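Understanding the architecture of this molecule
Residue strings, one per chain:
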Amino acid sequence: MTRTHTCRPAPLTRFAPVGRLAVLLALVFAASGSARPLLGQGELRIGHTGSGALSMMDPMMDDSSHYDMWTYRGKAGETIKVTLTSDAFDSYLSVGRMEGNDFHELDSDDDGAGGTNSKVVLQLPDDGEYAVRVNSLTAGETGAYTVAVEQGDPSEIETSDNTGSSASALPEPTAIHAGQTLNGDLADTDPTMDDTSHYDLYSFNAKRGQQATITMRSAAFDSYLTLGRLENGRFNYLQNDDDGAGGEDAKIVARISQDGQYAIRANSLFSNVSGAYTIRLEMGVAPPLEAMNPTSIHYGQTVSGELTISDYTIEDDTHADLYKFTGKMGDKLVITMKAGAF
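Residues numbered from 1 in each chain as written. Predicted model: local features only at pLDDT ≥ 70, side-chain atom pairs only at ≥ 80, totals over all residues. Heavy atoms only, no water.

1. Here's the deal with the overall build of the protein
Filter applied, for reference: Think of it this way: any DSSP run of H or I at least four residues long counts as a helix, any run of E at least two long counts as a strand, and we number them from the N terminus. Whether a residue is buried, partly exposed or exposed follows from its accessible area with a 1.4 Å probe, protein chains only, as a fraction of its type maximum: under 20%, in between, or over 50%, in that order. The contact criterion used throughout is that any non-hydrogen atoms of two residues lie within 4.5 Å. Only the protein chains shown count as covering a residue, and every accessible area follows the Shrake-Rupley method with a 1.4 Å probe.
Across its full length, the protein holds zero helices and 24 strands. Across the 342 residues in the protein, those meeting the buried criterion constitute 51%. Here the contacts in the protein between residues at least 6 apart in sequence split such that 77% fall between residues at least 24 apart. In the form shown here, the protein has an accessible surface area of approximately 16,100 Å², with 48% of it arising from carbon and sulfur atoms.

Take a look at the structure:
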């Protein structure tokens, strides 16, 4: 099934000292908003073809598919055509901007270049650096690929948002407030995503430091929730969930890092299904760092982790995970953190 997906890995380049070493040492990994090692595959230019390979060592999106990131420096009003080809995997291509620590998708494609190859034709809105994300459609797929940038033809541009539906079909969101449960119904007349699943849109206002809990339940279909922001008529993804509320119900818990309006997409996991559902929004104060339950790590142990939007947000709007270990006076420590995504 085709599912539009966008990931927001936060670049991570420094440590933020937030704990004290006693019997337990808490380590918080924080990020510099100015560092951009995420875009590490190289710079693309008009007429230039980049070669690469997705591997099991590459960073993963939240659907467990691997990706590489490239850059392209363009001019406002310029139309570019980006083509991703691979004989090894079903390709998925996204073009967007890095805004602070966030990847904001402008356009994406699955099979636009024929077969399982991808193509995005895009008119650039501003001068500056753009991010080209090379991805596989299916989790765990790896192998060689090429990505090329050419001068594009404006007539090839398809007006769409990153849900895969036409911008004109993007519905006016229904307001939902803290503590409110709304009854909804997915119907054949609702707009569809590129996998032909129907969706409704909701919106709410939130402030930095709050925590939003969104729950979607349905006895008629497998629920799928996405949290995002509506910007310039587009839905910009932040976080999603399938079965977080148990069974086939969905739940998102998100810490709010910026004041403003947020959007909820109430969707079904599978295409061409309809039926009634409920959606509930709860707002509270995000718990402090001290309330986090740290993960234990021991001498000689390697632990795998992932920074997500649901993780604790520190003062510079970057996300953090917390670890603890038991030490003795005089121990000499070497703590190493490695990441392919940031």
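There is more to say, and it comes next.
2. Here's the deal with the environment of serine 86
Convention followed: Within 3.5 Å is the distance limit for a polar contact, defined as a pair of N or O atoms, with the added protein rule that one can donate a hydrogen and the other accept it, and that residues adjacent in sequence qualify only through two side-chain atoms.
Topologically, serine 86 is positioned in the loop between strand S6 (79-85) and strand S7 (91-99). Residue serine 86 is classed as buried on the basis of its relative accessible area, which comes to 7%. Residues serine 86 and serine 136 lie 50 residues apart in sequence; the distance between their C-alpha atoms is 9.6 Å. Ignoring anything within four residues of it in the chain, the contact list for serine 86 reads Thr116, Asn117, Ala144 and Tyr145. Within the local environment of serine 86, its side chain forms a polar contact with the backbone nitrogen of alanine 88, the two atoms lying 3.0 Å apart.

3. Structural notes on the packing of aromatic side chains
Aromatic ring pairs are defined here through the distance separating the ring centres and the angle between the ring planes. So the rule is basically this: Here a pair means two rings of Phe, Tyr or Trp (six-membered ring of Trp) with centres within 6.5 Å. Their orientation is stacked below 30 degrees between planes, edge-to-face above 60, and tilted elsewhere. In this analysis the charged atom, NZ for Lys or CZ for Arg, is taken to sit over a ring once it is within 6 Å of the ring centre and within 35 degrees of the ring normal.
This model, assessed by the stated rule, comprises four aromatic pairs. With a centroid separation of 5.9 Å and an interplanar angle of 20°, the aromatic rings of phenylalanine 204 and tyrosine 262 are classed as stacked. Taken together, the positions of phenylalanine 204 in strand S14 (residues 199-206) and tyrosine 262 in strand S19 (residues 260-268) put the pair 58 residues apart, joining distant regions of the chain. An identical accessibility class is assigned to phenylalanine 204 and tyrosine 262; each is buried. With centroids separated by 6.3 Å and ring planes inclined at 70°, the aromatic side chains of phenylalanine 221 and tyrosine 277 adopt a geometry described as edge-to-face. Taken together, the positions of phenylalanine 221 in the loop between strand S15 (210-217) and strand S16 (223-231) and tyrosine 277 in strand S20 (residues 275-285) put the pair 56 residues apart, joining distant regions of the chain. Since its relative accessible area comes to 4%, phenylalanine 221 is described here as buried. By relative accessible area, tyrosine 277 is classed as buried at 3%. A cation sits over an aromatic face here: arginine 229 above tyrosine 262, 4.4 Å from the ring centre. The aromatic ring of phenylalanine 235 is capped on one face by arginine 265, whose charged end is 4.5 Å from the ring centroid.

4. A few points about the pattern of salt bridges
To be explicit about the condition: Any Lys or Arg side-chain nitrogen located within 4 Å of an Asp or Glu carboxyl oxygen qualifies as a salt bridge.
Scanning the entire structure with this criterion turns up four salt bridges. Of the charged contacts in the structure, one is a salt bridge between aspartate 249 and arginine 217, with a shortest N-O distance of 3.3 Å. Separated by 32 residues along the polypeptide, aspartate 249 in the loop between strand S17 (234-241) and strand S18 (250-255) and arginine 217 in strand S15 bring together distant segments of the chain.

5. A word on the nonpolar core
Side chains of a nonpolar character, in soluble globular proteins, are inclined to be buried together. Defined as follows: In this text, buried Ala, Val, Leu, Ile, Met, Phe, Trp, Tyr and Cys residues form a nonpolar core when linked through side-chain atoms within 4.5 Å.
Phe204, Ile214, Leu227, Ile264 and Ile279 are the most contacted members of the largest nonpolar core, which totals 23 residues. Looking at this core, the elements that each hand over two or more residues are strand S13 (180-186), S14, S15, S16, S18, S19 and S20. One finds Leu54, Val82, Val132 and Tyr145 within the second-largest nonpolar core, a separate group that totals 20 residues.

6. Points about the pairing of S14
Quick note on the threshold: Paired strands are those between which DSSP finds at least two bridges.
S14 sits mainly inside the fold: seven of its eight residues count as buried. Here strand S12 (residues 174-175) runs beside S14; their pairing, made up of two bridges, is parallel. When the sheet's bridge partners are listed, threonine 174 is paired in S14 with tyrosine 202. Alignment of S14 against S19, held across eight bridges, turns out to be antiparallel. Paired with phenylalanine 204 across the two strands is tyrosine 262, which belongs to S19.

7. Focus: the environment of serine 118
Mapping serine 118 onto the fold places it in strand S9 (residues 118-123). Taking C-alpha positions, serine 118 is 9.2 Å from serine 86, a pair spaced 32 residues apart along the chain. Beyond its immediate sequence surroundings of up to four residues, serine 118 is in contact with Val82, Thr83, Leu84, Ser91, Tyr92, Leu93, Asp109, Asp110, Gly112 and Ala113. Within polar-contact distance, the side chain of serine 118 engages the backbone oxygen of aspartate 110 at 2.5 Å.

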